[in-house]
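The lines below spell out each chain.
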Amino acid sequence: EEEARYLTEGIEKIHNDLVVNVQTKLSNAETKFQNTLSSLILVYRPFIDSLINDCKSYLNIHKNRLQPNQINELENFIKNLEHKRDSLHPDIQHIPSIRQLHDNILREIQGLGLDDRDKQELQDILNRTYHNTLSQHRILSEIQDALNEYNNVKISLMKFYQYEDA
């Protein structure tokens, strides 16, 4: 009977240790994930700001050869970018991924009433800005780190359930 009690106490201790381990790892993963999401704002603003500045420069350089309606479209495009920047919602669930943002802006560029050369130059500005922004920020590695933390939770849960099944 005493041996059974020791075994039961040992099993409960192992069970409790596993539960605490999983909870700790989950908490760490959640914290890492929230920190990563918060840092996305720090990537979005410079990306959009740089894109706005480059588009304004492009407009100023090429204003002489553009038609009034094309100038107006570019000005509206820049205003739309400013609106995107100014309306960044602090709730990260309302923010698309930076790749989605890039793709949405790319579709807007393709829909502008500009000639193909101007559209291509704006697309090049977008792509250059996108790649420069990503290279200056560690956001992709931070996302990977957060995913690795969740993978650690998954491994711990699998061990927990294997123990429970035994």
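Residues numbered from 1 in each chain as written. Predicted model: local features only at pLDDT ≥ 70, side-chain atom pairs only at ≥ 80, totals over all residues. Heavy atoms only, no water.

Asker: In this structure, what is going on with the pattern of salt bridges? I would like to understand it.
Answerer: Opposite charge on two side chains lets them pair, provided their charged atoms get close. Considering all chains together, one arrives at nine salt bridges under this definition. In this structure, Arg65 and Asp118 form a salt bridge, with 2.3 Å as the shortest nitrogen-oxygen distance. Note that Arg65 is positioned in the loop between helix H1 (2-62) and helix H2 (68-86) and Asp118 in helix H4 (residues 116-136), a separation of 53 residues in sequence. On the accessibility criterion, Arg65 (34% relative accessible area) is partly exposed. Among the salt bridges present, the one from Arg117 reaches Glu121, with a minimum N-O distance of 3.8 Å. Note that Arg117 and Glu121 are positioned in helix H4 at a spacing of four residues, about one turn of the helix. In this structure Arg117 comes out as partly exposed when scored by relative accessible area, which is 47%. Assessed through its relative accessible area of 27%, Glu121 is described here as partly exposed. Through salt bridges with shared partners, one network takes in Asp49, Arg85 and Asp86. (Salt bridge = Lys/Arg side-chain N within 4 Å of Asp/Glu carboxyl O. Helix = DSSP H or I, 4+ residues; strand = E, 2+ residues; numbered from the N terminus. Buried < 20%, exposed > 50% of the residue type's maximum accessible area, 1.4 Å probe, protein only.)

Asker: When you look at the nonpolar core in this model, what are you seeing that I'm missing?
Answerer: For soluble globular proteins, nonpolar side chains are generally found buried alongside one another. Residues Phe47, Ile105 and Leu122 are the most contacted members of the largest nonpolar core, which totals 31 residues. Filtering out sequence-adjacent residues up to four positions away, Phe47 remains in contact with Ile98, Leu101, Ile105, Leu126, Thr129, Tyr130 and Thr133. (Core = buried A, V, L, I, M, F, W, Y, C linked by side-chain atoms within 4.5 Å. Contact = heavy atoms within 4.5 Å.)

Asker: Just to check I follow, could you spell out the packing of aromatic side chains for this structure?
Answerer: Geometry of an aromatic ring pair is reported as the spacing of the ring centres plus the angle between the planes. Within the structure shown, the criterion is met by one aromatic pair. Here the aromatic rings of Phe47 and Tyr130 are separated by 6.2 Å at their centres, their planes lie at 75°, and the arrangement is edge-to-face. With a gap of 83 residues between them, Phe47 in helix H1 and Tyr130 in helix H4 connect regions that are remote in the sequence. (Phe/Tyr/Trp six-rings, centres within 6.5 Å; stacked < 30°, edge-to-face > 60°.)

Asker: Would you mind showing me how to read the confidence of the model for the chain here?
Answerer: Interpretation of this model should avoid reading the predicted coordinates in detail wherever pLDDT is low. Within the chain, residue pLDDT values average 84, and 93% of them lie at 70 or more. Per-element mean pLDDT across the chain ranges from 77 in helix H5 (residues 139-165) up to 93 in H2. (pLDDT = per-residue confidence, 0-100.)

Asker: Can you walk me through the environment of Tyr161 in this structure?
Answerer: Within the secondary structure layout, Tyr161 lies in helix H5. For Tyr161, a relative accessible area of 48% translates into the label partly exposed. Spatially, the C-alpha atoms of Tyr161 and Leu18 are 9.8 Å apart, while their sequence positions differ by 143 residues.

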